[in-house]
Each structure stands twice: as C-alpha cells, then as structure tokens.
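A structural walkthrough
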Amino acid sequence: MQVYFLGTGTSQGIPVIGSNHPVCQSTDAKDKRLRVSVWIICDNQSFVIDCGPDFRQQMLTSGCKQLDAILFTHEHADHTAGLDDIRPFFFKQKKNIPIYGHQRVLENLGNRFGYIFESENKYPGAPSVQTFEVLNNKNFYIGPTKIIPIEVNHGNLKVFGYRIYDFVYLTDVKSINNAEIKKLKGTKVLVVNALREEPHHSHFSLQDALDFIHLVNPESAYLIHISHLLGFHEEVQQRLPKNVFLGYDNLKIII
C-alpha cells in the first residue's frame, strides 16, 4: 500500500491569507500546507479520503491519473469543496465515481452539488457519482479492499475515519469511544490530527494526539490537520517521540 499525503493543513491552509504569522512567512516547503486529504494506492486501486478545495492542485502535483473511489470523513468544506474537480476522472474513466460516507454527508453534498447528483436533464459537462452510505458504521469493500469505518467525535459531529489493513486515517478528532478504539488494535501506521498546542473545542491538540498515539501504540504515527499555530515543522518535529512524525504535503510512505 502506498499512502500519499495530498494536504496536511487545517481549514485555512498554511499560509493563511493575509497573515503575518512567522510560520505563514516561512520559506520551508514543509510549512506550506494545503487542506487535508490523502491518496491511497492499494490492491491495484486508487482512491482518496476527502477532496477539499485544493483537490485540483493536489491531483496535478501528485500525478494521480485514476480515481476509483472517494471516502468522505464529513461534510465540512475543507474536506468536500473540491468535488467538482473529479470531472477529468469521470470523463476519462467513462463511469460514475463511487463516493462513500455517512448518509448525512451524502445528502449535504447532494444539496450543494445538485448538478452532479441529477439523473434527469443533466448538464453534459458535469461529472456523475454513485453514492454508497456507510451504514451503521459497518465494514464495506472497495473491490477486494476491506474498509473499516472508525466513528469519532468532531465536537458534537460524528465523523468517520477509516482503517485499511494496518493503516488508520483519522482527522478532525476530539474524542473517540472505547468500542471504536478497539478497532485500532494492531495498527502499524496511524494518521491523526493535531491542530495546535492549545486545547480546542473540536480538534485534538498536540498533547491530545500524543496521548492518543500512546494509547493506540502503533509502530509509527503521522500528525495532520495542522494549523500555523502549532509552529515551524522542523522545530516541532524535534520535540516529538521517535516514532511520531509531522506529516507534510507530498510525503509518500509505503506500508
């Protein structure tokens, strides 16, 4: 399995528009973060988790040429606003793009991108999708690949993370119940959000994330959904445990 970090930033990305914060002024490429998303190649399939407003740029930079499915974590714009940019994949592959998520999320997308979901009098330049509800938090398959949904709490909002073999991807987590934590047993690589040093009402802080990583005990962990308030990449990395790494845009790992 190959995992490509398309974006590792929070909802505003880094640099933040108009900001004079030192991290936003950094010349280090690792301090420049697009909105969070990941591209996975597994079992001869290519799929992404979330497609935010930077999706087109991410696809061009990564060189992704095939899209077999999109897994959505939740409906917030930084995770969904790039849905229209699946058009080239739809035109090339000549079939509807499967999308998976909570029914609430699919309905939200249908309201916002109605022209994509229409079945009658459809505009010929629009892409089309095939929707699959992740029902009752049950496992499902994309081709031969087993997907295990992990339900977490983003403040008061229920959000899905996903486990694929020994890889777990969680974003926008503030809390998670014990039944869902049991699904993480044996995880080799854990990706989880760490917004900033200070506590936040709907996201893990850095210490929250480190405590969670200690609980799960993966072989390695990568931090994502990072804001400029966490600090400079290289400085923060030096303070992390030896098996914990700050994710950065265009990082590729093999599992």
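A short tour of the structure in this document, coming up. Not measured: the values here are computed from a predicted model. (Residues numbered from 1 in each chain as written. Predicted model: local features only at pLDDT ≥ 70, side-chain atom pairs only at ≥ 80, totals over all residues. Heavy atoms only, no water.)

1. Things to note about the environment of Lys-138
Defined as follows: Secondary structure counts use DSSP, requiring at least four H or I residues in a row for a helix and at least two E residues in a row for a strand, with both numbered from the N terminus. Exposure is judged per residue with a 1.4 Å probe applied to protein chains only, and the accessible area is read against the type maximum: over 50% gives exposed, under 20% gives buried, and values in between give partly exposed.
Relative to the elements of secondary structure, Lys-138 occurs in the loop between β6 (129-133) and β7 (140-142). Classification of Lys-138 as exposed rests on a relative accessible area of 53%. Considered as a pair, Lys-138 and Ile-150 are twelve residues apart in the sequence and their alpha carbons are 9.2 Å apart.

2. Looking at helix α1 (residues 55-62)
For an α-helix, 3.6 residues make a turn, and residues three or four places apart therefore share a direction. To keep things clear, this is the line we draw: Think of it as the arc spanned by the lines of direction from the helix axis to the C-beta atoms. Two residues form a contact once any of their heavy atoms are found within 4.5 Å.
Those residues of α1 lying buried are Phe-55, Gln-58, Met-59 and Ser-62. Down the axis of α1, the buried side of the element spans an arc of 100°, and every buried residue falls inside it. Within α1, the exposed residues directed more than 90 degrees away from the buried face are Arg-56 and Leu-60. Buried positions along α1 lie against β1 (2-7), β2 (37-42), β3 (45-49) and α3 (87-93). Downstream of α1 by a residue or two, Gly-63 has a phi angle that is positive, lying close to 80°.

3. Quick notes on the environment of Tyr-162
Put simply, the rule is: Between N or O atoms, a polar contact is any pair within 3.5 Å; within protein, one atom must be a potential hydrogen donor and the other a potential acceptor, and residues adjacent in sequence are included only when both atoms are from side chains.
Assignment of secondary structure puts Tyr-162 in strand β9 (residues 157-164). With relative accessibility at 0%, the residue Tyr-162 sits in the buried group. Separated by 153 residues in the primary sequence, Tyr-162 and Gly-9 have C-alpha atoms spaced 19 Å apart. One polar contact links the side chain of Tyr-162 to the main-chain carbonyl oxygen of Phe-72, over a distance of 2.6 Å.

4. Describing the nonpolar core
When a protein is soluble and globular, its nonpolar side chains tend to lie buried together. Our working definition: We call a set of buried residues a nonpolar core when its members are Ala, Val, Leu, Ile, Met, Phe, Trp, Tyr or Cys and they connect through side-chain atoms within 4.5 Å of each other.
Ranked by size, the top nonpolar core spans 29 residues in total, and within it Leu-170, Leu-190, Val-192, Phe-212 and Leu-223 carry the most contacts. Those elements giving two or more residues to this core turn out to be β8 (145-154), β9, β11 (189-193), α7 (206-216), β12 (220-224) and β13 (244-246). Considering each element in turn, this core owes the most residues, six residues, to α7. Every residue in contact with Leu-190, bar those within four places of it in the chain, is listed here: Val-168, Leu-170, Phe-212, Ile-213, Val-216, Pro-218, Ser-220, Ala-221 and Tyr-222. Within the second largest apolar cluster, 26 residues are counted, among which are Val-36, Val-38, Val-189 and Ile-253.

5. A short note on helix α4 (residues 103-112)
Looking at α4, one finds that the buried residues are Val-105, Leu-106 and Leu-109. Projected down its long axis, α4 carries its buried residues within an arc of 100°, all on one side. For α4, the secondary structure elements touched by its buried residues are α2 (77-80), β5 (97-101), α5 (114-117) and β6.

6. Brief notes about the state of the cysteines
Heads up, the rule is: Any pair of cysteine sulfurs within 2.5 Å is marked as a disulfide.
For the coordinates displayed, the defined rule picks out zero disulfides. Here Cys-42 is not disulfide-linked; the sulfur of Cys-64 is the nearest cysteine sulfur, at 14 Å. Given the relative accessible area of 5%, Cys-42 is considered buried.

7. Describing the pairing of β8
What counts is decided by this rule: Pairs of strands are assigned from DSSP output, requiring at least two bridges between the strands.
Of all ten residues in β8, eight are buried; the element is thus mostly enclosed. Note that β7 and β8 share three bridges and pair antiparallel. Along β8, the bridge assignment pairs Ile-142 with Thr-145. The turn linking β7 back onto β8 is made up of two residues, and Gly-143 within it adopts a positive phi angle of 60°. Both β8 and β9 contribute to a ladder of seven bridges, which runs antiparallel. What sits directly across from His-154, in β9, is Leu-157. Counting the residues that bridge the hairpin from β8 to β9 gives two residues, and of these Gly-155 lies at a positive phi of roughly 65°.

Everything listed is a geometric property; what it means functionally is a separate question.
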